[in-house]
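Examining the three-dimensional arrangement
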Amino acid sequence: MRNIKFLLLFTSIWTTLFVACSSGDETIKTQKSSALRIYLNEFKGENNISGKNVVTDSNMCYEFVYPLTLAYNTGTTVTVSNETELIAVLESETSELYINGIAFPFNLIAPGSTTPITISNESEFWSVINACDMDTYDDYIVSGSCYSFVYPLSFLMSNNQTVTVNNYQDLINLATQLGNDDNYIVNFVYPFFVNNNNTITQINNEYEYAQLNNDCNDSNCNCPTDVNPVCVNVGGVIIEFPNACLAECAGYTTADFVNCN
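A short tour of the structure in this document, coming up. (Residues numbered from 1 in each chain as written. Predicted model: local features only at pLDDT ≥ 70, side-chain atom pairs only at ≥ 80, totals over all residues. Heavy atoms only, no water.)

Another aspect to go through is the environment of Ser158. By secondary structure assignment, the location of Ser158 is in the loop between strand 9 (153-157) and strand 10 (162-165). A relative accessible area of 25% places Ser158 in the partly exposed class. As for Ser158 and Trp126, which are separated by 32 residues in sequence, their C-alpha atoms are 9.3 Å apart. Residues in contact with Ser158, not counting those within four places in the same chain, are Asp182, Asn183, Tyr184 and Val186. (Helix = DSSP H or I, 4+ residues; strand = E, 2+ residues; numbered from the N terminus. Buried < 20%, exposed > 50% of the residue type's maximum accessible area, 1.4 Å probe, protein only. Contact = heavy atoms within 4.5 Å.)

Here we come to the sheet that holds strand 8 (residues 147-150). Read from one edge to the other, the open sheet built from three strands follows the order 8-12-13, with strand pairing classed as antiparallel. The sheet terminates laterally at strand 8 and strand 13 (199-203), the two strands that pair on one side only. For this sheet, the mean inter-axis angle between neighbouring strands, taken without regard to orientation, is 35°. (Pairing = 2+ DSSP bridges. Axes fitted to C-alpha atoms, helices over the stretch in contact; angles between N-to-C directions.)

Here the focus is the side chain of Asn213. Relative to the elements of secondary structure, Asn213 occurs in helix 7 (residues 206-214). Among the polar contacts made by the side chain of Asn213, one reaches the side chain of Tyr147 at a distance of 2.9 Å. Within the structure, Asn213 has its side chain in polar contact with the backbone oxygen of Tyr209 (distance 2.9 Å). (Polar contact = N/O pair within 3.5 Å; in protein donor to acceptor, adjacent residues only side chain to side chain.)

This part covers the side chain of Glu93. Tracing the chain through its elements places Glu93 in the loop between helix 3 (83-91) and strand 5 (99-102). Here Glu93 falls in the buried class, since its relative accessible area comes to 6%. A polar atom in the side chain of Glu93 sits 2.6 Å from the side chain of Arg37. Separated by 2.8 Å, the side chain of Glu93 and the backbone nitrogen of Ile99 make a polar contact.

A few words on the state of the cysteines. A complete count under the given rule lists two disulfides for this structure. One disulfide in the model links Cys61 with Cys132; its S-S distance is 1.7 Å. Looking along the S-S bond of the Cys61-Cys132 disulfide, the torsion reads about -80°, which is the left-handed sense. Linking Cys61 in the loop between helix 2 (34-46) and strand 2 (63-64) with Cys132 in the loop between helix 4 (122-131) and helix 5 (137-140), this pair joins segments that are 71 residues apart in sequence. At a sulfur-sulfur separation of 2.1 Å, the disulfide partner of Cys231 is Cys260. One quick way to see it: the torsion about the S-S bond of Cys231 and Cys260 is about 110°, and its sign makes the bridge right-handed. Pair noted here: Cys231 is in strand 14 (residues 230-234) and Cys260 is in the segment after strand 16 (257-258), with a separation of 29 residues, a long-range link. Classification of Cys231 as buried rests on a relative accessible area of 1%. Here Cys260 falls in the partly exposed class, since its relative accessible area comes to 33%. (Disulfide = S-S within 2.5 Å.)

Here it is in structure tokens:
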């Protein structure tokens, strides 16, 4: 009987200790990172992951030091131990479940180097993005993509301000103010709309916008950069193009043009 009581007491103590350890806050805290999506899009191009066009002039000047803890948009975290595991995670992304956060600090290392650098916060991560000259939102908005924006739309800036543009000229004015490490777009305000292949499409998050740009093929559209706006009516929505050439590349003709006002 004494042995049974001792066994029950030991089991109770062990259970208490186990529950106490398990209920402790052992979860690695992650932070949402817009710089991460820019980096991952570049990484997907490097590894020819589905949904990203192959790049021929890579700017991937730093690589992750593993292990690395990432977060999905649902708040679930995943730890990847090597590049193969990261590729597997990215290949399984969808517009409903995608990576948008990372645990700071983490380390990056230049290929061939033995000295890693520590990234402690989002600002430092963006400094790497800019230093490596990766394609960012600054590039996407003026690159003559295969879609046009439906105005108005708003951007989150590096100075924590929100900027709203109401037409293409406003967009060009904003673009002329960008291009340095102190003033750049860190993200869009979602959702927003684009005209893609004569269809108005809602863009709900960073993943969907990255996929939109990855799927673009502008090789057959060599238009000038001059601003002489023309507009078309798409399902009751007036879409403004910088010039007639870009409107025609989007599939419209002069017969579709309407008064922009």
